[in-house]
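Analysis of the macromolecular model
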Amino acid sequence: MRKKKESGKGELLPSHIGIIMDGNGRWAQKRGLPRSAGHTVGAANFKKITRYCSSIGIRYLTVYAFSTENWKRPAEEVGALLGLFRQYLEEALRDFLNDDIKVRFLGDVSAFPKALQELIAETVEVSKNRTGMTLNIAMNYGGRAEIVRAAQQAAQLVKDGELSPEEIDEARLSSLMYTAGEPDPDLIIRPSGEQRISNFLLWQSAYAEYVILDILWPDFKPADLDKAIAEYQKRKRRFGGV
Ligand code: IPE
Ligand code: IPE
Ligand code: MG
């Protein structure tokens, strides 16, 4: 049985929540603003919701910030997003660390500008011994790319004589994912109403519960997170059993 943390009310809290932070562009367009304005408000909301998750006792939070496919967007929009990542990581170094949040990154961050890569490395280093909530920020992340990377690493281990093909099992592959050592997500929330995975945590979400909310990410409030958790708590998870 999956281990879950008890909240103050004695209800079962998901220990790992994933959030696809979607709907920034539509939020801005509805207001006649450029899409980047939606990203600015969405980034501020990321900080608020992260803090809220930490305060209610969530152990792991994974947020989808930028997918391997998001490079297809206009250069101006990608540039605005990279600027926000930089700003928020600088803030994270100041703030989140006081909040006892450990930050990890999922994805190939080597594709980002040098200054951003340095901030990423510094954030990981400074926070690595924190014991509070783990925040995984998925940036230049794609579930398929992650699985390919794990397969390549396993193949290399076999080639180097450190592993036999029979030893490549689910546990071994899990240990080669960016989320190595973490429990799989229990609950994945997608605001914006889209009913798809968009390449998020493909390997890890085998038995995650999905909650789709018809609200755009910049409007997503702590009360919406509570609503998603309440919905999750009503679900009966069977993991293939009865
Ligand atoms: C999510 O919001 C943020 C990123 C993908 C970086 P979108 O920018 O996808 O917003 P919509 O879906 O177009 O409204
Ligand atoms: C998923 O949203 C990626 C992030 C939220 C970072 P997208 O907006 O890129 O997904 P699609 O294109 O609607 O599937
Ligand atoms: Mg979108």
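This write-up is about the structure you can find in this document. (Residues numbered from 1 in each chain as written. Chains lettered and ligands numbered in written order. Predicted model: local features only at pLDDT ≥ 70, side-chain atom pairs only at ≥ 80, totals over all residues. Heavy atoms only, no water.)

This next bit is on the site of ligand 2. Close to ligand 2 lie Ile20, Met21, Asp22, Tyr64, Ala65, Phe66, Asn70, Arg73, Arg190, Arg196 and Ser198. Take Asp22: an N or O atom from its side chain is 3.2 Å from an oxygen atom of ligand 2. A distance of 3.2 Å separates an oxygen atom of ligand 2 from a polar atom in the side chain of Arg73. Top contributing element to the shell around ligand 2 by residue count: strand S4 (residues 60-67), with 3 residues. For the shell around ligand 2, a count of residues per class yields 5 nonpolar, 2 polar and 4 charged. (Near = heavy atom within 4 Å. Polar contact = N/O pair within 3.5 Å; in protein donor to acceptor, adjacent residues only side chain to side chain. Helix = DSSP H or I, 4+ residues; strand = E, 2+ residues; numbered from the N terminus. Nonpolar A, V, L, I, M, F, W, Y, C, P; charged D, E, K, R; others polar.)

This part takes up the pairing of strand S8 (residues 209-212). Burial along S8 is one-sided: Glu209 and Val211 are buried, and none of Tyr210 and Ile212, which face the opposite way, are. In this sheet, S8 lies alongside strand S7 (residues 187-190) in parallel orientation, the contact comprising 4 bridges. Following the sheet pairing, Ile188 is matched in S8 by Tyr210. (Buried < 20%, exposed > 50% of the residue type's maximum accessible area, 1.4 Å probe, protein only. Pairing = 2+ DSSP bridges.)

Right, let's get into the environment of Leu225. Within the element layout of this structure, Leu225 appears in helix H7 (residues 222-234). Of the residues examined, Leu225 reaches a relative accessible area of 0% and is grouped as buried. Each C-alpha atom of the pair Leu225 and Cys53 lies 8.5 Å from the other, and the pair is 172 residues apart in sequence. Leaving out residues up to four positions away in the same chain, Leu225 has contacts with Ile19, Ile49, Tyr52, Cys53, Ile56, Ile189 and Phe220. (Contact = heavy atoms within 4.5 Å.)

Right, let's talk about the site of ligand 1 for a bit. Neighbouring ligand 1 are 13 residues; Asp22, Gly25, Arg26, Arg35 and Arg73 lie closest to it. At 2.8 Å from an oxygen atom of ligand 1 is found a side-chain nitrogen or oxygen belonging to Asp22. At 2.6 Å from an oxygen atom of ligand 1 is found a side-chain nitrogen or oxygen belonging to Arg73. Surface burial for ligand 1 is 88%, taken as the share of its 380 Å² of free accessible area covered by protein chains. Going through the elements one at a time, helix H1 (24-30), helix H2 (35-56) and helix H3 (75-94) are the ones with two or more residues in the shell around ligand 1. Counted by class, the shell around ligand 1 contains 3 nonpolar, 5 polar and 5 charged residues. (Areas by Shrake-Rupley, 256 points an atom, 1.4 Å probe, with all protein chains shown as cover.)

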